[in-house]
Amino acid sequence: MIAIGSDHAGYDLKVEVMAHLDEKGVKYHDFGCYDGEPNDYPVVARDVCEKVVKGEFKFAILICGTGIGISMAANKVNGIRAAVCSDYFTAKYTRLHNDANVLCMGGRVIGAGVASEIVDIFLNTEFEGGRHQRRVSLIMDIEKE
Ligand code: RB5
């Protein structure tokens, strides 16, 4: 089970990503928004990310217009490593090297085909650990200070 959320600018892409998840048999909980009415992306980012750090979900997908604002908000929540991805390479390596737990995308940046591939890569790539664990731990140390 993964968590998913968006603002109004990410709503249409989120609907397409959810259809893709349905096709793949991946279960998800949609934390809104539920239509294209303007709303504030930090609110859904915080709601979803708090559930991820509580352990209710291993991964989350967050979508706004660019993917940037919602990733900035997500990364303010202790325990979150959110990455904005618009291509397959960064989707793969943010899992391999950064152990990213939140995938952010821009509904005004990429289309449903690319987004769906990115989602598949992100959800199916394991963290490599090793030297990357030390670096991820150093990142997480920053929020303890
Ligand atoms: C909303 O207009 C837009 O600013 C938002 O979706 C996002 O792109 C912010 O980073």
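Structural data are supplied above this passage.
By convention here, each chain's residues receive numbers from 1 onward along its written sequence. Where totals are concerned, whole chains, interfaces and linings use all residues; where local detail is concerned, this predicted model gives features only for residues with pLDDT of at least 70, and gives and counts side-chain atom pairs only at 80 or more. Side-chain figures throughout are based on the complete set of non-hydrogen atoms in the structure, without hydrogens or water.

1. Points about the packing of aromatic side chains
Argument step 1. Only Phe, Tyr and Trp rings are paired, with Trp represented by its six-membered ring, and only when their centres lie within 6.5 Å; those with planes under 30 degrees apart are stacked, over 60 edge-to-face, the remainder tilted. Considering all chains together, one arrives at three aromatic pairs under this definition.
Argument step 2. Their ring planes at 70 degrees and their centres at 5.4 Å tell us that phenylalanine 59 and phenylalanine 122 sit as a pair that is edge-to-face. With phenylalanine 59 in the loop between helix 2 (41-53) and strand 3 (60-64) and phenylalanine 122 in helix 5 (residues 112-124), the pair connects residues that are 63 residues apart, well separated along the chain. Note on accessibility: phenylalanine 59 and phenylalanine 122 belong to one class, buried. Secondary structure elements are taken from DSSP: a helix is a run of H or I of four residues or more, a strand is a run of E of two residues or more, and numbering for both begins at the N terminus. Each residue is assigned to one of three classes by its accessible area relative to the maximum for its type, calculated with a 1.4 Å probe on protein chains only: buried under 20%, partly exposed between the two thresholds, exposed over 50%.

2. A few points about the site of the ligand
Argument step 1. Every residue close to the ligand is listed here: Asp7, His8, Ala9, Tyr41, Cys64, Gly65, Thr66, Gly69 and Arg108.
Argument step 2. Under the rule applied, a polar contact is a pair of N or O atoms within 3.5 Å (in protein, one hydrogen donor and one hydrogen acceptor; residues adjacent in sequence only if both atoms are side-chain atoms). Measuring from an oxygen atom of the ligand, one finds a backbone N or O atom of glycine 65 at 2.8 Å.
Argument step 3. Separating an oxygen atom of the ligand from a backbone N or O atom of threonine 66 is a distance of 3.0 Å.
Argument step 4. Burial of the ligand by the surrounding chains reaches 71%, relative to a free accessible area of 290 Å². Here a residue is considered near a molecule or strand provided that any single heavy atom belonging to it is located within 4 Å of it. All accessible areas in this document rest on Shrake-Rupley with a 1.4 Å probe, and a residue is counted as covered only by the protein chains that are shown.

3. Digging into the side chain of arginine 95
Argument step 1. In this structure, arginine 95 sits in helix 4 (residues 88-96).
Argument step 2. Owing to a relative accessible area of 1%, arginine 95 belongs among the buried residues under this scheme.
Argument step 3. Of note is the side chain of arginine 95, whose polar atom sits 2.9 Å from the backbone oxygen of threonine 125.
Argument step 4. Apart from the residues lying within four places of it in its own chain, the contact partners of arginine 95 are Phe59, Ala100, Phe122, Thr125, Glu126, Phe127 and Glu128. The contact criterion used is simple: two residues touch if any of their non-hydrogen atoms lie within 4.5 Å.

4. Comments concerning helix 4
Argument step 1. Listed in full, the buried residues belonging to helix 4 are Ala91, Thr94, Arg95 and Leu96.
Argument step 2. On the buried face of helix 4, the contacting elements are strand 4 (82-84), helix 5 and helix 6 (131-142).
Argument step 3. With a side-chain oxygen lying 3.1 Å from the backbone nitrogen of phenylalanine 89, the N-terminal cap of helix 4 falls on aspartate 87.

5. Focus on the packing of helix 4 against helix 5
Argument step 1. At a minimum axis separation of 8 Å, helix 4 and helix 5 run at an interaxial angle of 20 degrees. Here helix 4 lies roughly parallel to helix 5, going by the angle between them. Considering the relative orientation of helix 4 and helix 5, their crossing is right-handed. Of helix 5, the residues touching helix 4 (which contributes Tyr88, Ala91, Lys92, Thr94 and Arg95) are Val114, Glu117, Ile118, Ile121 and Phe122. Angles here are taken between N-to-C directions and fall from 0 to 180 degrees, while the axes themselves are lines fitted to C-alpha atoms, restricted in helices to the stretch in contact. For classification purposes, angles smaller than 35 degrees are called roughly parallel, those larger than 145 roughly antiparallel, those between 65 and 115 roughly perpendicular, and all remaining angles oblique. A clockwise turn of the near helix away from the far one marks a right-handed crossing, whereas an anticlockwise turn of less than a right angle marks a left-handed crossing.

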